[in-house]
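Letter by letter, the chains look like this.
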Amino acid sequence: MNIHEYQAKEILASHGVRIQRGITVDTAEAAVDAAKKLNEDTGTEWWVVKAQIHAGGRGKGGGVKLAKSLDDVKKIAGEILGMQLITKQTGPEGKLVRKVLITEDCYYPGDSETEEYYMSVLLNRQSGRNMIMYSPEGGMDIESVAENTPELIFTEEIDPSVGLQGFQCRKIAYNLGLSGTAFKEMCKFVVALYKAYEGSDSSMFEINPVLKTSDDLIMAVDSKVNLDDNALYRHKDYADMRDEAEEDPFEVEAGEFGLNYVKLDGNVGCMVNGAGLAMATMDIIKLSGGDPANFLDVGGTADAETVENGFRIILKDPKVKAILINIFGGIVRCDKVAEGVVAAYKNIGEINVPIIVRLQGTNAEEAKKIIDESGLEVLSAVLLQEAADKVSEVLN
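Note that the structure is a prediction, hence the values are computed from the model and not measured.

Novice: Would you explain the environment of Glu251 in this entry?
Specialist: When you line up the elements, Glu251 lands in helix H8 (residues 249–256). Distance in space between the C-alpha atoms of Glu251 and Tyr261 is 5.6 Å, their sequence separation being 10 residues. If sequence neighbours within four positions are ignored, Glu251 has contacts with Tyr261, Val262 and Lys263.

Novice: Can you help me understand the pattern of salt bridges in this one?
Specialist: Side-chain pairs of opposite charge can arise whenever the charged atoms involved come near each other. Taken as a whole, this structure holds 20 salt bridges when the rule is applied. Among the salt bridges present, the one from Glu5 reaches Arg58, with a minimum N-O distance of 2.9 Å. With a gap of 53 residues between them, Glu5 in helix H1 (residues 5–14) and Arg58 in the loop between strand S2 (47–51) and strand S3 (64–67) connect regions that are remote in the sequence. Both residues of the pair, Glu5 and Arg58, count as buried. For Lys286, the salt bridge identified is with Asp291, shortest N-O distance 2.4 Å. Look at the salt bridges and you will find they share partners, linking Glu5, Lys9, Lys50, Arg58 and Asp222 into a network.

Novice: Looking at this structure, I do not really get the packing of helix H2 (residues 28–42) against helix H3 (residues 70–80). What am I missing?
Specialist: Between two packed helices, what matters for the description is the angle formed by their axes and the separation of those axes. Running from amino to carboxyl end, H2 crosses H3 at an angle of 140 degrees, the nearest separation of the two axes being 8 Å. In terms of orientation, H2 and H3 fall into the oblique class. H2 and H3 meet at a crossing whose hand is right-handed. Contacts between H2 and H3 pair Ala28, Glu29, Ala31, Val32, Ala35 and Lys36 from the former with Leu70, Val73, Lys74, Ala77 and Gly78 from the latter.

Novice: Would you mind going over the pairing of strand S10 (residues 202–212) with me for this structure?
Specialist: Taken residue by residue, a regular strand's side chains alternate between the two faces of the sheet. In terms of burial, S10 is largely enclosed, as eight of its 11 residues are buried. Judged from the four bridges that link them, S10 and strand S12 (residues 224–227) form a sheet pairing that is antiparallel. The residue bridging Glu206 from the neighbouring strand is Lys224, located in S12. In the sheet, S10 pairs with strand S11 (residues 218–220) via three bridges, with the strands oriented antiparallel. What sits directly across from Val210, in S11, is Ala220.

Novice: Could you clarify how one ought to interpret the sheet that holds S2 in this entry?
Specialist: Strands pair in a sheet through their backbones, by hydrogen bonds, and they do so in one of two ways: parallel or antiparallel. Read from one edge to the other, the open sheet built from four strands follows the order S1-S6-S2-S3, with strand pairing classed as antiparallel. The open sheet terminates on both sides in strands that have one partner only, identified here as strand S1 (22–25) and S3. Each neighbouring strand pair of the sheet contributes to a mean axis angle of 20 degrees, computed without reference to strand direction. Here S1 runs beside strand S6 (residues 100–104); their pairing, made up of four bridges, is antiparallel. What sits directly across from Val25, in S6, is Val100. The strands touched by H1 are S1, S2 and S6; relative to S6, the strand with the most contacts, the crossing angle is about 50 degrees.

Calculation criteria
Residues numbered from 1 in each chain as written. Predicted model: local features only at pLDDT ≥ 70, side-chain atom pairs only at ≥ 80, totals over all residues. Heavy atoms only, no water. Helix = DSSP H or I, 4+ residues; strand = E, 2+ residues; numbered from the N terminus. Contact = heavy atoms within 4.5 Å. Salt bridge = Lys/Arg side-chain N within 4 Å of Asp/Glu carboxyl O. Buried < 20%, exposed > 50% of the residue type's maximum accessible area, 1.4 Å probe, protein only. Axes fitted to C-alpha atoms, helices over the stretch in contact; angles between N-to-C directions. Parallel < 35°, antiparallel > 145°, perpendicular 65-115°, else oblique. Left-handed = near helix turned anticlockwise from the far one by under 90°. Pairing = 2+ DSSP bridges.

This is the structure we're talking about:
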């Protein structure tokens, strides 16, 4: 589950990580009040206005700006709030900015002694161990650093039997070129950051940049946190951080029905049981000249109602020109899927896109009979390649 920067910083601060302090608001007037409050609490006379959306690259898209007066705060906040912010991670449609974070300015005017670093904590799936990835080239796209100067990216793997060790923290601080107070502060920062990562059951922490101020303090200026959905039952307060407005509405609706759905950009709706079969179905659609419009796994206990709900979600996508249902009946009975297809037709009304159905396994014959006797215009297939070819035919 993705969360906003201000929420990520709340988690970091709760585990002892020093952060750039800020206040989240949703109006320009409230932004001014927040700036005044930060001035009282921190003494800052400049502020940074940051758009809060689930995407990186906000600064390049015009979603992060420096305000040097209260008038600037109001003007900039008013411009960013309500804008459709477009970044590399949002796609051309962008995302609507509903909140902004007003933060203290940690870059003191005329100060040339600040340094920016990159740091993330994530799972190395090859070794099965947590890993700290870091670089002295902070504030930049880490992908660009990896491509152009890979020697500036360092990693430190954590042995789960002993946890993060002191020598590893010192090694990180050394590789970042720190010494004296900044060296010690970085060691404390790394310990607190890893504690936050483990304590929140996250799948990824990314801090870019980690800032060394001119007085040798180390803090998280920006933060991106991805929480592990499977662990949210242990963190009820984190579950409340979910912002459905930032998610695809189709995926939100699918989740309410217990469906595993991911929207794609193609024109062939897919309904499959089992992630592996879904991936294979999407591949063969692509090889046959079509493009998958979604990943939809109805799961191993799908019934007629589940199938109907899946149908409704697929049909809401105007790009869908055909639907392929590919079910292998093991735990799921094919006749139940067939009943769901028929019910969807009757309850939804006229369906103007062709439907190709491949049902194999438990009660496949009964399922075929249900569909054949329903009078529906459904194309049936036995082999997966045959089903994909039929999709190609109806599209052309």
